[in-house]
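Each chain, letter by letter, is given below.
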Amino acid sequence: MQATAGDHLHTHSRSIGMADRLGEIIEVRGPEGEPPYLVRFEDGHEGLVYPGPDTVIERQQPAH
């Protein structure tokens, strides 16, 4: 898994009735875009994340 700052992290819920977690990657701490990532979630909480198999990176589209 590789990402850059500005990409979005989308962790899919593994339980019925639980919401997915969405956040913006604000810092990549691993080599060559690898985890861990410092993520700011929708509720304003920031945390260091080592994504699991239920997580996808949504690339930030470059501005033209």
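A short tour of the structure in this document, coming up. (Residues numbered from 1 in each chain as written. Predicted model: local features only at pLDDT ≥ 70, side-chain atom pairs only at ≥ 80, totals over all residues. Heavy atoms only, no water.)

Considering the overall build of the chain
Broken down by element type, the chain carries zero helices and five strands. In sequence order, the secondary structure elements of the chain are arranged as β-β-β-β-β. By the compact-globule yardstick of 11 Å for 64 residues, the chain fits well, its C-alpha radius of gyration being 12 Å. By its C-alpha atoms, the chain is 35 × 25 × 20 Å across when sized along the principal axes. Here the chain holds 64 residues, and the buried ones make up 33% of them. In the chain, once contacts between residues fewer than 6 apart in sequence are set aside, the share between residues at least 24 apart is 40%. Averaged over its 5 positive side-chain charges, the chain has a centre that lies 4 Å from the centre of its 11 negative ones. (Helix = DSSP H or I, 4+ residues; strand = E, 2+ residues; numbered from the N terminus. Rg over C-alpha atoms; globule rule 2.2 N^0.38 Å. Buried < 20%, exposed > 50% of the residue type's maximum accessible area, 1.4 Å probe, protein only. Contact = heavy atoms within 4.5 Å. Lys, Arg positive; Asp, Glu negative; His and termini not counted. Charge placed at Lys NZ, Arg CZ, Asp CG, Glu CD.)

Things to note about the environment of Q2
Relative to the helices and strands, Q2 resides in the segment before β1 (8-11). Residues Q2 and P36, spaced 34 residues apart in sequence, show a C-alpha to C-alpha distance of 10.0 Å. Once residues lying within four places of it in the same chain are set aside, the contact partners of Q2 are E32, G33, E34, Y37, I57 and R59. Of the polar contacts made by the side chain of Q2, one reaches the backbone oxygen of E32; its length is 3.0 Å. (Polar contact = N/O pair within 3.5 Å; in protein donor to acceptor, adjacent residues only side chain to side chain.)

A few points about unusual backbone geometry
Glycine aside, a negative phi is what most residues show, and trans is what most peptide bonds show. Cis geometry is found at the peptide bond from P35 to P36, where omega equals 10 degrees. Among the structural elements, P36 can be located in the loop between β2 (21-28) and β3 (37-41).

Overview of the sheet that holds β1
Across the sheet, which stays open at both edges, the five strands sit in the order β4-β3-β2-β1-β5 with antiparallel pairing between neighbours. Two strands bound the open sheet, and with one partner strand each, they are β4 (46-49) and β5 (55-58). Between one strand and the next, the sheet's axes are offset by a mean angle of 35 degrees, whatever the strand orientation. As paired elements, β3 and β4 share four bridges and run antiparallel to each other. (Pairing = 2+ DSSP bridges. Axes fitted to C-alpha atoms, helices over the stretch in contact; angles between N-to-C directions.)

That is the geometry; function is a separate question.
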